[in-house]
Amino acid sequence: MTLSLSDPTWYPIASSEDLPFRHVYQGQLLGRELAVWRADDGNVNVWENRCLHRGVRLSIGINEGGELKCQYHGWRYANRSAGCTYIPAHPADAPARRIQNRTYPVREAYGLIWSAANDQQAFRPFAGAEGHDWFALRPVPVNAAPEDVLAALGGLAPDDQPADLLPGLAVRFGGIYYFVQPVDAGRAVIRGLLREQPVDAVATLRHYNELLSKLRDRLERSAARKPAPEPLQPAYDKVSADLATMPDIAIPKGNTITVMVKRKWVSADGVIGFELAGRDGHLPTFQPGAHIDLHLPNGMTRQYSITNGPGELMSYIIGVKQESASKGGSKVLVETVREGDLLSISEPRNNFPLRRDAIRTVLIAGGIGITPLLSMARFLDKSALPYELHYFTRAGETVAFRSELEALHGKVIFHTGLPRAEIGTAIATALGQWSMAQHVYVCGPGPMLETVRDTAAAQGWPDESIHFEYFKNDKIIDNSSAFDVELARSAMTLHVPSGKSIMEVMREAGLTVPSSCEQGACGTCLTTVIEGEVDHQDVYLNDSEKRANSCMMTCVSRAKSARLVLDI
Amino acid sequence: MAITLYDFELSGNCYKLRLLMGILKLRYDIVPVDFYPGRQHKADWFLRLNPFGQLPVLQDGDLTLSDSGAILTYLAKKYDETGLWFPDDPAITAEVLRWHAVADDITSTASAARLALGFFYDFDVEKAQRGAHRIFRLMDEHLWFGEREGRDWLCSPAHPTTADIACFPYVMLSEEGGISRQDYPALRRWTDRVRRIPAFTVMSGVFPAGRAVEEA
Ligand code: FES
């Protein structure tokens with residue numbers, strides 16, 4: 001028998017006990033090295049043992065419970081999806097979308113972790129697997145060809161009880177099963193299972209360990225006399241070029257995902273929690289601060305932040321404010337959407353990237369603005385990075401996601417029902433004077449954002465250290481101007497009359513233009529400006545970005561000059 | 001009285017002492033010795049401190065000491081008020097010294113392979129690697145059964161001892177000598193535990209471990 005790199009058979013690659021929480025196990029199957037780790041939610045990940053960045057082994061990485069962090073350069077990969085969530089030194093502190101490490105199928109059963117070189121075959125229990133309380137022996141690695149190991153194990157069977165060869169390099173006699181894990185052409189691990197729990201576990205383990213160690217010594221002595229087999233040569237996929245390049249901020253609308261409302265509950269007075277679960281398997285990786293567009297039954301689209309912590313990809317949890325007066329999206333969601341309903345969401349996108357290289361991080365939330373900051377706090381928490389979370393709620397309003405907040409280990413400060421004047425002082429104290437590598441993130445009602453921006457600026461915080469996200473542009477858009485836009489790449493000049501946005505004009509001319517909020521809040525339609533003076537009316541860009549005059553939102557921004565040249 | 005360590009940053013044997021002194025919160029001065037490429041450990045001034053021509057050397061006031069295992073014992077007995085790092089019990093003393101001897105075996109195999117590959121020493125690399133694998137196999141078995149019997153460390157007390165510190169560095173640096181630890185999962189888990197000892201410090205080539213799940 002020769003081993004094949006593409007053999008789809010499921011083999012055991014570890015014992016359950018090999019994977020205590022916050023450890024990364026180093027395994028190998030058919031020549032491929034594996035990083036195997038259990039996340040805090042119990043999920044076992046089997047990945048190619050290689051950081052996409054430089055190919056450094058992930059088995060020397062840090063298991064942070066929801067993400068695995070490469071020790072050399074700090075790239076992070078999420079539980080379940082192996083999606084990259086963080087590229088240090090990246091200008092936006094964010095990865096390009098869909099950078100994923102290679103994963104392998106995994107199943108935990110009978111005290112062992114099973115995997116396969118590909119997912120062409122579904123996992124099937126071995127013959128006679130069901131109905132027993134299996135007991136795993138100490139695995140014994142052997143430097144000998146897997147087929148020789150299998151033959152030798154068969155030879156252990158007593159004369160009156162011949163060994164039964166099973167598919168997948170396994171052999172059985174009496175109540176004992178041996179599986180040979182084909183590590184490589186000349187290496188294997190013997191993994192034994194007993195059908196019952198023994199009376200004296202340690203004595204039994206020692207007995208079999210001695211037996212198998214002797215077998216191993218014999219096998220290795222005879223392997224040393226033979227020529228060593230050529231090791232298998234797994235090919236690694238080339239790392240794609242977009243790893244090195246900047247991700248596009250403008251993400252075309254398009255791919256939607258169907259999710260089921262798994263749970264709907266009252267998280268606080270006026271705040272409804274929704275748990276949206278993927279229909280099969282996990283949802284895409286997201287970064288802290290990311291949001292999804294939710295397509296509502298009435299045709300509207302609304303953005304909601306994902307509150308989950310790192311690597312929690314089985315469902316997204318969002319919080320929706322129930323505004324009695326609102327006729328908008330939230331009302332439909334709160335009143336008509338029920339548990340069990342199906343909804344469409346976009347892939348998560350992030351306009352609110354969290355820096356993980358800060359010395360001090362201050363998170364300030366007002367009311368429902370807690371949602372993106374809860375996610376950020378959870379990421380910082382899992383990575384043991386210092387942060388302070390200040391959560392302002394009005395008198396009468398209750399605290400949403402309280403138990404989730406109380407489960408955090410960092411500093412969480414609730415400010416409830418403060419009078420307006422005191423909110424200002426509380427914010428000033430929370431911020432303190434700025435110094436190197438301090439960052440503040442704010443999400444809340446417009447006036448609160450303004451207070452934080454003004455206070456921070458007054459206390460020496462530079463623009464780059466103040467991060468905020470608007471879901472709504474409260475400003476009145478002045479669309480009275482008229483001007484020409486020259487679309488450099490499309491070789492087209494269009495006239496934008498008063499009363500129409502650049503985006504509308506471009507669409508009328510037959511161009512596909514990505515957008516989401518269409519009110520200058522989300523950044524989806526961000527466009528590079530080549531020439532001309534922009535009349536920014538969005539709330540997405542900060543003042544210095546606006547002054548730079550190098551990009552704009554085509555949904556609300558206009559021109560102060562007679563002509564704008566855009567990189568479209 | 002001042003403690004002075006004659007130190008080479010990349011030496012695992014010197015690191016053992018930095019590690020224990022860090023854990024015991026001792027203050028000490030460092031005199032860097034250019035072991036490679038300068039070979040200062042064979043210079044006259046150094047041979048006067050330690051005629052064996054080996055790092056590390058530690059001076060504590062008038063006392064000059066050499067051999068990392070001996071110095072670990074000295075530091076623990078003199079400065080560890082808890083008495084945990086080198087317990088007084090005769091049977092445990094024997095156990096700890098047994099593993100100090102294993103630490104020396106690891107030095108003569110895993111460290112030798114690393115010196116050959118990384119520092120161009122003229123050693124038999126394959127022989128050194130084979131020797132290291134033989135020791136790692138035994139350690140893995142010892143630690144694996146330890147976990148089954150409720151023992152997390154090399155010796156029987158429910159806390160680490162100088163034996164763990166003595167064996168740790170060259171196990172951790174073994175990859176630099178071309179010795180993979182893939183076949184020793186229990187040994188790899190033990191290195192996680194050592195790296196989670198409060199006040200643990202790193203050296204180049206030795207990374208910190210993540211937090212354990214219960215802490216924080
Ligand atoms: S579509 Fe949201 S900023 Fe233009």
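Residues numbered from 1 in each chain as written. Chains lettered and ligands numbered in written order. Predicted model: local features only at pLDDT ≥ 70, side-chain atom pairs only at ≥ 80, totals over all residues. Heavy atoms only, no water.

Colleague: I'm lost on the overall build of chain A in this one. Help?
Modeller: Looking only at helices and strands, chain A has nine helices and 34 strands in total. Projected onto the principal axes, the alpha-carbon positions of chain A cover approximately 95 × 55 × 50 Å. Residues classed as buried in chain A amount to 55% of the 568 residues present. Sequence separation of 24 or more characterises 64% of the internal contacts of chain A that already satisfy a separation of 6 or more. Here chain A has roughly 24200 Å² of accessible surface; of this, 51% comes from carbon and sulfur atoms. (Helix = DSSP H or I, 4+ residues; strand = E, 2+ residues; numbered from the N terminus. Buried < 20%, exposed > 50% of the residue type's maximum accessible area, 1.4 Å probe, protein only. Contact = heavy atoms within 4.5 Å. Areas by Shrake-Rupley, 256 points an atom, 1.4 Å probe, with all protein chains shown as cover.)

Colleague: Help me out: how do you make sense of the interface of chain A and chain B in this one?
Modeller: Many authors give the size of an interface as the accessible area that is lost as the parts come together. If you look at the interface, chain A gives 36 residues, while chain B gives 25 residues. Buried area between chain A and chain B, summed over both chains or domains, comes out near 2700 Å², and the portion from carbon and sulfur atoms is 46%. When the area that chain A buries against chain B is broken down by residue, the three leading residues are A:Arg22, A:Gln26 and A:Arg138, summing to 23%. One can count seven salt bridges joining chain A with chain B. Put simply, B:Asp140 and A:Arg138 hold a salt bridge, and the shortest N to O gap is 2.8 Å. Secondary structure elements with two or more residues in the side of chain A that touches chain B: β2 (24-29), α2 (201-225) and α4 (370-382) of chain A. Counting residues per element, the side of chain A that touches chain B draws most heavily on α2(A), at seven residues. (Buried area = accessible area lost by both parts, 1.4 Å probe. Salt bridge = Lys/Arg side-chain N within 4 Å of Asp/Glu carboxyl O.)

Colleague: Just to check I follow, could you spell out the packing of helix α4 (residues 90-118) of chain B against helix α5 (residues 125-148) of chain B for this structure?
Modeller: Packed helices, taken two at a time, are described by their axes: the angle between them and the distance between them. All names here are of chain B. Axis separation between α4 and α5 bottoms out at 8 Å; the angle between their running directions is 140°. By the angle class used here, α4 and α5 are oblique. At the point where α4 passes α5, the crossing takes the left-handed sense. Facing α4, whose interface residues are Trp99, Val102, Asp105, Ile106, Thr109, Ala110, Ala112, Ala113, Ala116 and Leu117, α5 presents Val125, Ala128, Gln129, Gly131, Ala132, Ile135, Phe136, Met139 and His142. Of the residues contributing to the contact of α4 with α5, the split by class is 14 nonpolar, four polar and one charged. (Axes fitted to C-alpha atoms, helices over the stretch in contact; angles between N-to-C directions. Parallel < 35°, antiparallel > 145°, perpendicular 65-115°, else oblique. Left-handed = near helix turned anticlockwise from the far one by under 90°. Nonpolar A, V, L, I, M, F, W, Y, C, P; charged D, E, K, R; others polar.)

Colleague: Where do I start with α4(A) in this structure?
Modeller: An α-helix turns once every 3.6 residues. As a result, residues three or four positions apart point the same way. All names here are of chain A. Here α4 spans 18 Å end to end across 13 residues, near enough to the 18 Å set by a 1.5 Å rise per residue. By the criterion of burial, α4 is predominantly enclosed, with twelve of the 13 residues buried. Turning to α4, its buried residues are Ile370, Thr371, Pro372, Leu373, Leu374, Ser375, Met376, Ala377, Arg378, Phe379, Leu380 and Asp381. Taken from the residues just after α4, Ala384 is the one with a positive phi, measuring 55°. (Expected span 1.5 Å × (residues − 1).)

Colleague: Sorry if this is basic, but what is going on with the pairing of strand β4 (residues 44-48) of chain A here?
Modeller: Regular strands place their side chains on alternate faces of the sheet. Residues and elements named next belong to chain A. When you tally the buried positions in β4, you get five out of five residues, the bulk of the element. Sheet topology note: the strand β3 (residues 32-38)/β4 ladder contains five bridges and is antiparallel. When the sheet's bridge partners are listed, Ala35 is paired in β4 with Trp47. (Pairing = 2+ DSSP bridges.)

Colleague: Just to check I follow, could you spell out the sheet that holds strand β27 (residues 466-468) of chain A for this structure?
Modeller: The strands that make up a sheet are held in pairs by hydrogen bonds between backbone atoms, and each pair lies either parallel or antiparallel. Residues and elements named next belong to chain A. Ordered by their spatial adjacency, five strands build an open sheet running β25-β24-β23-β26-β27, and the pairing between neighbours is parallel. Here the strands that pair on one side only, and so sit at the sheet edges, are β25 (411-416) and β27. Taking the axes of each pair of neighbouring strands and ignoring which way they run, one obtains an average angle of 15° across the sheet. By the bridge criterion, six bridges tie strand β24 (residues 387-393) to β25 in an arrangement that is parallel. Across the sheet, residue His390 finds its bridge partner in β25, namely Ile413. Sheet strands in contact with helix α7 (residues 446-458) are β23 (360-366), β24, β26 (438-443) and β27, and its direction is about 170° off that of β27.

Colleague: Quick question: what am I supposed to make of the confidence of the model for chain B here?
Modeller: Note that predicted coordinates carrying low pLDDT should not be read in detail. Residue and element names in this part refer to chain B. A residue-level look at chain B finds 98% of positions with pLDDT of 70 or above and a mean pLDDT of 94. When mean pLDDT is taken per element in chain B, helix α6 (residues 162-172) scores highest with 98 and helix α2 (residues 44-49) scores lowest with 92. Under the prediction, the complex receives an ipTM of 0.93, its pTM being 0.85. (pLDDT = per-residue confidence, 0-100.)

Colleague: Teacher, can you tell me more about the packing of α6(B) against helix α7 (residues 185-195) of chain B here?
Modeller: All names here are of chain B. Two numbers describe how α6 lies on α7: the axes approach to 11 Å, and their chain directions differ by 115°. Where α6 crosses over α7, the two elements pack in a sense that is left-handed. Across the interface between the two elements, Asp164, Cys167, Phe168, Val171 and Met172 from α6 touch Leu187, Trp190, Thr191, Val194 and Arg195 from α7. Split into classes, the residues belonging to the contact of α6 with α7 amount to seven nonpolar, one polar and two charged.

Colleague: I would appreciate a short explanation of the environment of B:Trp85 in the present structure.
Modeller: Residues and elements named next belong to chain B. Mapped onto the elements, Trp85 comes out in the loop between α3 (68-79) and α4. Taking C-alpha positions, Trp85 is 9.6 Å from Leu24, a pair spaced 61 residues apart along the chain. Those residues in contact with Trp85 that sit more than four places away from it in its chain are Leu20, Ile23, Leu24, Ala76, Asp80, Pro160, Thr161, Thr162, Ile165 and Ile197.

Colleague: Would you take a moment to explain the domain arrangement of chain A for this structure?
Modeller: All names here are of chain A. Assigned domains of chain A: these are domain 1 (11-224), domain 2 (257-345), domain 3 (360-470) and domain 4 (483-566). Taking only C-alpha atoms, the centre of domain 2 and the centre of domain 3 are 23 Å apart. Carbon and sulfur atoms supply 61% of the area that domain 2 and domain 3 bury against each other, a total of about 1500 Å² over both sides. Ranking the residues of domain 2 by area buried against domain 3 places Pro288, Thr307 and Pro310 at the top, with a combined share of 32%. Counting the contacts that link domain 2 with domain 3 gives zero salt bridges. Run the count over domain 2 and domain 3 and you get four residue pairs in polar contact (both at pLDDT 80 or more). Going through the elements one at a time, β17 (256-268) and β21 (315-321) are the ones with two or more residues in the side of domain 2 that touches domain 3. Broken down by class, the residue content of the side of domain 2 that touches domain 3 amounts to ten nonpolar, eight polar and three charged. (Domains from an automatic or database assignment. Polar contact = N/O pair within 3.5 Å; in protein donor to acceptor, adjacent residues only side chain to side chain.)

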